[in-house]
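Fold and geometry: a report
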Amino acid sequence: MKFHIMIVLLLFSCASVPAFCCTNYLITKGASADGSTIITYVADSHELYGDLPYIPAGVHIEGTMIDIVDGDTKVYHGQIRQARETYAVIGLMNEHQVAIGETTWGGRKELEGSKGVMDYVNLMQVALQRSKTAVEAVTTMGRLVKEYGYCSSGESFSISDPNEAWIMDLIGKGPDEKGAVWVARRVPDGYISAHANGPRIRQFPLNDKVNCLYAEDVISFARAKGFYQGADKDFTFSETYNPPTWKSLRACEARVYAMFNRAAPSLKLSTDYIDGVKGAEPLPLWIRPDKKLSVRDVMELMRDHFEGTKYDMTKDVGAGPFVLPYRWRPMSWKVDGVEYIHERAASTQQTGFSFVAQSRSGMPDPIGGVLWFGVDDTFSTVYVPMYCGMTSVPVAYAPGTATLHRFSWDSAFWVFNFVANWAYSRYCDMIKDIQAVQRELEGRFLAEQPKIEYAAQVLYRESPQKAKEYLTEYSVNTAQAVVARWKQLGESLIVKYMDGNVKDSQGKVTHPPYPESWYRRIVNDAGERLKAKKLEGEKEE
């Protein structure tokens, strides 16, 4: 029970802030370079301490009940029946390589205040403890909200296993009815999808249970509420249950566009829909990438500030002299009564944790499933391989090592935040030093992966438990070494970039100027006051 509560507190805080938070990508095995199914999750919140809980497998007495405690409000919602057998879960990946991610989108005001026992975090966690496949997780989630009710707002989920990836949109029925309405679609093999705080499923096939599952009243409920009056075949979940606004398109669909644009530039996708152009075609639910994507490629897709697009966050004055692609909150503000916004990219400063979940068929589950896990900002994190067969987690990433309000050098979250927050002061220079170490570490982990897994498979044939112990030791030691190296990096950045100076490779203090573009902005703003003058009779230097 202790572990269950920990993960509730960890994940639900992602929805505790009303700003748009979290981003997911889905890569089917036919779209990946090595035949992996991959999903990603960026858990963003200004109030989220990123760590990695572990829930062991269990066999439970028939009739056992478990408490459901809301991770945001800490309110006790009630109890549900425990399954006879539950599976081990590391973060949001279970021992059978099933992984789940989410993004919150709220939905219709009329459906706020939904009543029930299951919040979205417990929904994910219980599904992982009870499911051996992605489709089993989908049906388990649907069954749980029907039996026990649902008390969170609108959510989209990414659900994967070694063979499939599913995208699921779900919302509660409001204060007067128990349960939720939902639809889930299997992403076609060879395609990729994404969601970012907005439901993505529009029309869906009504008679294809292999590729599409949905609540039996998903359309009739909308009719009864007056949300929809058309034919079943024309029903669109996203527009019915979360009518788009200009802000939601710009802050949410823009992130989907950025991922699609980078993975398939040949499509030349239009931004008209994101910009709110009347009659513009919505972005597709899924696309075929121009080339098959490796795990490394997917990591880099998560490190996006709209570079190379018209939304590029490095191009306006908000980036400052050192081209910082982040904007402090709030996301919108007014000047002279006119409202403006900051862009909202996939890579953002308030990320608590993120992962790239890699699931592979043809390997034993403890070896085939890898949760590439990182804390803080995706652009400056390091993704560490955490195998789904692990039986313990590294101290630096474990719940309780520190908190959002208690700093510790033993905490991966705080060490990575220390480095990132120092880098924000001279970003365009320091990020180069950070990326050099980031790429060195991640490159080594990816290069070592075949060797580590070959050794694990040899051990697995002898004893599955020995393979799990080997992978646990590898992941724990690797993660602890990363945190030690990152602390060392932070110390070196303090020395190199102290007081606005920069020490060269020989340790000599230099005074690099601001970029010329920034000097021009200073001149435009205060040039007359700062303009150098000569006293009468003063000689030229």
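For the structure itself, consult the block above.
For the structure given in this document, a descriptive report is provided here. Owing to the predicted nature of the structure, the values given are computational and were not obtained by experimental measurement. (Residues numbered from 1 in each chain as written. Predicted model: local features only at pLDDT ≥ 70, side-chain atom pairs only at ≥ 80, totals over all residues. Heavy atoms only, no water.)

**Re the overall build of the protein**
- Each helix and strand counted, the protein has twelve helices and 23 strands in total.
- Taken over C-alpha atoms, the radius of gyration comes to 25 Å for the protein, in line with the 24 Å a tight globule of 541 residues would show.
- With respect to the principal axes defined by its C-alpha atoms, the protein has extents near 95 × 60 × 45 Å.
- In the protein, which comprises 541 residues, the proportion classed as buried is 55%.
- Taking the intrachain contacts of the protein between residues at least 6 apart in sequence as the baseline, contacts between residues at least 24 apart amount to 72%. (Helix = DSSP H or I, 4+ residues; strand = E, 2+ residues; numbered from the N terminus. Rg over C-alpha atoms; globule rule 2.2 N^0.38 Å. Buried < 20%, exposed > 50% of the residue type's maximum accessible area, 1.4 Å probe, protein only. Contact = heavy atoms within 4.5 Å.)

**Quick notes on the pattern of salt bridges**
- For the structure shown, the criterion picks out 27 salt bridges.
- Linking Glu-112 and Lys-109 is a salt bridge whose minimum nitrogen-to-oxygen distance equals 3.5 Å.
- Residue class for Lys-109 comes out exposed when judged on its relative accessible area of 65%.
- Across the pair Glu-300 and Arg-303 runs a salt bridge whose closest N-O atoms are separated by 2.8 Å.
- Among the residues examined, Glu-300 registers a relative accessible area of 23% and is labelled partly exposed.
- Judged by its relative accessible area of 4%, Arg-303 falls in the buried class.
- Sharing partners across several salt bridges, the network here consists of Arg-296, Glu-300, Arg-303 and Glu-442. (Salt bridge = Lys/Arg side-chain N within 4 Å of Asp/Glu carboxyl O.)

**Regarding the environment of Trp-409**
- Following the sequence through the fold, Trp-409 ends up in the loop between strand S21 (384-387) and helix H9 (412-423).
- It is 22 Å that separates the C-alpha atoms of Trp-409 and Phe-355, two residues lying 54 residues apart in sequence.
- When near neighbours in sequence (up to four residues on either side) are disregarded, Trp-409 contacts Val-415, Phe-418, Val-483 and Lys-487.

**Some points on the pairing of strand S18 (residues 338-341)**
- Pairing between strand S17 (residues 332-335) and S18: four bridges, direction antiparallel. Bridged to Val-335 within S18 is Val-338. (Pairing = 2+ DSSP bridges.)

**Thoughts on the packing of H9 against helix H10 (residues 427-462)**
- The interhelical angle for the contact between H9 and H10, taken along N-to-C directions, is 145 degrees, at an axis separation of 8 Å. Side by side, H9 and H10 meet where Val-419, Trp-422 and Ala-423 of the first sit next to Tyr-427, Met-430 and Ile-434 of the second.
- Classifying every residue of the contact of H9 with H10 gives six nonpolar, no polar and no charged. (Axes fitted to C-alpha atoms, helices over the stretch in contact; angles between N-to-C directions. Nonpolar A, V, L, I, M, F, W, Y, C, P; charged D, E, K, R; others polar.)

**Examining the packing of aromatic side chains**
- For the coordinates displayed, the defined rule picks out 26 aromatic pairs.
- An aromatic cluster is defined as three or more aromatic residues linked by ring pairs; in this entry it consists of Trp-105, Phe-204, Tyr-214, Phe-227, Tyr-228, Phe-235, Phe-237 and Tyr-241.
- When the ring centre of Phe-227 is taken as reference, the NZ or CZ atom of Arg-108 above it lies at 4.0 Å. (Phe/Tyr/Trp six-rings, centres within 6.5 Å; stacked < 30°, edge-to-face > 60°. Lys NZ or Arg CZ within 6 Å of the ring centre and 35° of its normal.)

**So, the packing of H9 against helix H11 (residues 464-496)**
- The geometry of H9 relative to H11 is characterised by a closest axis approach of 9 Å and an angle of 25 degrees between their N-to-C directions. Relative to H11, the element H9 lies roughly parallel. In this structure, the crossing between H9 and H11 has a hand that is left-handed. Across from Ala-412, Val-415, Phe-416, Phe-418, Val-419 and Trp-422 in H9, the residues of H11 making contact are Val-482, Val-483, Trp-486, Lys-487, Leu-489, Gly-490, Glu-491, Leu-493 and Ile-494.
- Residues belonging to the contact of H9 with H11 are distributed by class as follows: twelve nonpolar, one polar and two charged. (Parallel < 35°, antiparallel > 145°, perpendicular 65-115°, else oblique. Left-handed = near helix turned anticlockwise from the far one by under 90°.)

**A look at the nonpolar core**
- Counting 152 residues, the largest nonpolar core has Phe-157, Ile-159, Tyr-241, Tyr-397 and Trp-486 as its most contacted members.
- In contact with Tyr-241, not counting residues within four places along its chain, are Trp-105, Gly-107, Arg-108, Leu-111, Ile-171, Val-181, Val-218, Phe-221, Ala-222, Phe-227 and Phe-235. (Core = buried A, V, L, I, M, F, W, Y, C linked by side-chain atoms within 4.5 Å.)

**Focus on empty space enclosed by the protein**
- Scanning all chains against the criterion turns up four cavities of 30 Å³ or more.
- By volume, the largest cavity amounts to about 190 Å³.
- Lining the largest cavity are 16 residues, with Pro-199, Ser-238, Leu-249, Glu-253 and Tyr-273 sitting closest to its centre.
- For the lining of the largest cavity, the element with the highest residue contribution is helix H6 (residues 246-263), accounting for four residues.
- Of the residues in the lining of the largest cavity, the class split is seven nonpolar, five polar and four charged. (1 Å grid on protein atoms, 1.4 Å probe; cavity = no way out; pocket = protein on both sides within 12 Å on 5 of 7 lines; lining within 4 Å. Points joined across faces, edges and corners; volume = space filled by probe spheres on them.)

Any link to function would need more than the numbers given here.
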